[in-house]
2 protein chains.
Amino acid sequence: MACISSPDPVYNFAAGPGIMPREVLRQAREELLDWQGSGMSVMEMPFTGEEFQAIQRQAQQDLRELLGVPDDYRILFLQGGASAQFSLLPMNLLPPGATADYVDTGHWSRKAIAEGRRYARINVAASGEARGYRQVPDLASWRLDPQAGYCHITSNETADGLAYHWLPETGEVPLVADMTSDFLSRPLAVERFGVIYAGAQKNIGPAGLTIVIIRDDLIRPARPETPSAFSYQVQADSNGRFNTPLTYAVYIAGLVFRWLRREGGLAAMAERNRRKSDKLYAAIDRSDFYVCPQHAADRSRMNVCFHLAEASLTAECLQQAGAQGLLNLKGHPANGGLRASLYNAMPEAGVDALIAFLQAFAARHA
Amino acid sequence: MACISSPDPVYNFAAGPGIMPREVLRQAREELLDWQGSGMSVMEMPFTGEEFQAIQRQAQQDLRELLGVPDDYRILFLQGGASAQFSLLPMNLLPPGATADYVDTGHWSRKAIAEGRRYARINVAASGEARGYRQVPDLASWRLDPQAGYCHITSNETADGLAYHWLPETGEVPLVADMTSDFLSRPLAVERFGVIYAGAQKNIGPAGLTIVIIRDDLIRPARPETPSAFSYQVQADSNGRFNTPLTYAVYIAGLVFRWLRREGGLAAMAERNRRKSDKLYAAIDRSDFYVCPQHAADRSRMNVCFHLAEASLTAECLQQAGAQGLLNLKGHPANGGLRASLYNAMPEAGVDALIAFLQAFAARHA
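From a predicted model like this one, the values you see are computed outputs, not experimental measurements. (Residues numbered from 1 in each chain as written. Chains lettered and ligands numbered in written order. Predicted model: local features only at pLDDT ≥ 70, side-chain atom pairs only at ≥ 80, totals over all residues. Heavy atoms only, no water.)

(A) Fine view of the sheet that holds strand β10 (residues 209-215) of chain A. All names here are of chain A. The strand order across the open sheet built from seven strands is β2-β10-β9-β8-β5-β3-β4, with neighbouring strands paired in mixed fashion. What marks the edges here is a single partner per strand, and that holds for β2 (73-79) and β4 (121-127). For this sheet, the mean inter-axis angle between neighbouring strands, taken without regard to orientation, is 20°. Contacting β2, β3 (99-104), β5 (151-154), β8 (175-178), β9 (195-199) and β10, helix α3 (residues 81-93) runs over the sheet at an angle of about 155° to β9. (Pairing = 2+ DSSP bridges. Helix = DSSP H or I, 4+ residues; strand = E, 2+ residues; numbered from the N terminus. Axes fitted to C-alpha atoms, helices over the stretch in contact; angles between N-to-C directions. Contact = heavy atoms within 4.5 Å.)

Okay, here's the thing in structure tokens:
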């Protein structure tokens, strides 16, 4: 063993599940067979026992402090991912026959809209489709329904590489956001939202865990056909003890929250994420070889989507990147091209390595 | 570090999440930062990538071989636990207005019945309630409805310590079983069932993962209000790729399936579980100090529920057991007393240690 040299670092640019902080994984490894002298792995702990209850409480409290979640909002640790929330949101928030506003900014808002239509009248208040999802529709163009049960946005479009860098004002209509792919990547004015939800597998932890942050006055009886385990009210009333929670994922998320606090919190993350993405977008924009069609003001800092001007070189580019340890750069199947996901855990060195590779690849094919 | 002596072993008798095989946890620790030279933790892998797809395929195949699942059954790796299935089962299997038979054998069948009533007319075909849930109702007493959409049983009552050691014949009506707490504890005639479902947190892996094994002809469009992510048909058609699966839990479950195969499969488990539970029940029955009221023929081999003849000593007994590393022996809140869960991963040495403790405790209080 001693003679084997340390392997070159690998950088995982997957859109999610994606890269996690090494420190978190190392701590998880350390504690895997014995959490703090309990003799048990966290995976083996009864969820009603003192140990796990302490883990869950701490995770909730750290998340509340990180995000500055006001006291009149509940934090729920649920299951099923954002795709399940596409249904559970209207089931929990809208009476039958109600209308909701949705803004269509790309692949994932379309999914939310399609599923939402199964439960409610959906008013697509604005859509970026006609412009090829290259920008977030201007607020001035939104046709909001003042009677809508909520207004739904997708704060970051993972497949399209678009993000909101501003917040819409929706008056009395609660603003609801799918934040799956940019949650915890920057500070957030939680009080501007009625509900925020996010699947964990980008910046939080293992896939499946789903965080719902909901203002107290929106917690109400769900539609009668809603499975009890997926009722926000049932889960809020039982403090997540109605059924067995995703204990191990909650634990890992808690380690991530601690890591974020040690790293300086969300302001530090935002600064880091701005620097990483600015650098990569600048390298793309400087070259004629790579193209990022997204409107500069609306580009995602999490998912940098771009393509090669000569599309026939894409497969070769991905193959060579992979051979150098730059993994999972393939674009979303709906859009093709390349996508570099720069979640919180992606070190700046990974972005530097990617830029160096892209420049060398372009030079070889000039 | 070198001077610290190895701590006494700890035995975790929790009802679930519960004890997991040490070998599995050791392998998970080994691979936590780098799965097989990929440079990634399984938690970080894109679920559509080759690595995770291989992990998922292998887990499915191992489970199919372990259980002898016939070719006309699908194995689905879902989310939400058994409590969610209490709703999703009728939503997926029963048209509105349909009837289903449920047999009430204790705490968890009552939960399934209560949730089922929100979706269908439930015929309680038999109930052990009048006899204090001390035995599984005799098949001769079941009043089955030949028009029922299915007949639901709870193969092992975790809170009550009862189990079926035989299978009912339900004719054309599909037999459906919640096997959360005895899945993989013994060989199973899968072909006798229409649907088998199980939450993972007993004998499979981390909480949240939910296994549904369903006969092809029962896969049909779910009720219109069913969230797409929870439709058996949608999940079967997409081979579990409709939304991000519980990737890390699927991986751990796969390690457990491999461990089961190495240990001799389900016949070996059944023999081991029979030996462990026989030994503990015999010790309880031999003593006047401890009482197990369950009918001998229907006792669970997974959850040995008993109490102290002198109930006022229960807290002291639990406290002293814990101090000796015999953890989580408290009975279900609904029933009180003690409960020793003897899942596959509980070594016989743990049962021996428990018996020795119980005898010593009784002797001290004789």
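(B) Looking closely at the environment of L25(A). Among the secondary structure elements, L25(A) is positioned in helix α1 (residues 22-31). As a C-alpha pair, L25(A) and N156(A) span 131 residues in sequence and 26 Å in three-dimensional space. Ignoring anything within four residues of it in the chain, the contact list for L25(A) reads M20(A), L32(B), L33(B), S41(B), M43(B) and E44(B).

(C) Spatial organisation of helix α7 (residues 265-286) of chain A. Helix length check: α7(A) (22 residues) gives 32 Å between terminal C-alpha atoms against 32 Å at 1.5 Å per residue, within 8%. If you follow the buried residues of α7(A), they end up packed against α2 (50-67), α6 (247-262), β11 (290-291), β12 (303-308), β14 (338-341) and α9 (348-364) of chain A. (Expected span 1.5 Å × (residues − 1).)

(D) Examining the relation of the copies chain A and chain B more closely. Each copy of the sequence occupies a distinct position, and chain A is placed on chain B by a rotation of 180° and an axial shift of 0.0 Å, giving an RMSD of 0.0 Å. Taken together, the rotation and translation relating the two chain copies correspond to the operation of a two-fold axis. Taking C-alpha positions as reference, the residue of chain A nearest the rotation axis is R29(A), located at 2.6 Å. Most of the interface of chain A is mirrored in chain B, where 100% of its interface residues are also at the interface. (Least-squares fit on C-alpha atoms with pLDDT ≥ 70 in both.)

(E) Main features of the pattern of salt bridges. All names here are of chain A. Within the structure shown, the criterion is met by 34 salt bridges over all chains. Between E271 and R275 there is a salt bridge, with the nearest N and O atoms lying 3.7 Å from each other. You can see E271 and its partner R275 sitting in helix α7, four residues apart, about one turn around the helix. For D285, the salt bridge goes to R299, with nearest N and O atoms at 2.9 Å. Residue D285 is located in helix α7, and its partner R299 is located in the loop between β11 and β12; the two are separated by 14 residues in the primary sequence. On the accessibility criterion, R299 (9% relative accessible area) is buried. (Salt bridge = Lys/Arg side-chain N within 4 Å of Asp/Glu carboxyl O. Buried < 20%, exposed > 50% of the residue type's maximum accessible area, 1.4 Å probe, protein only.)

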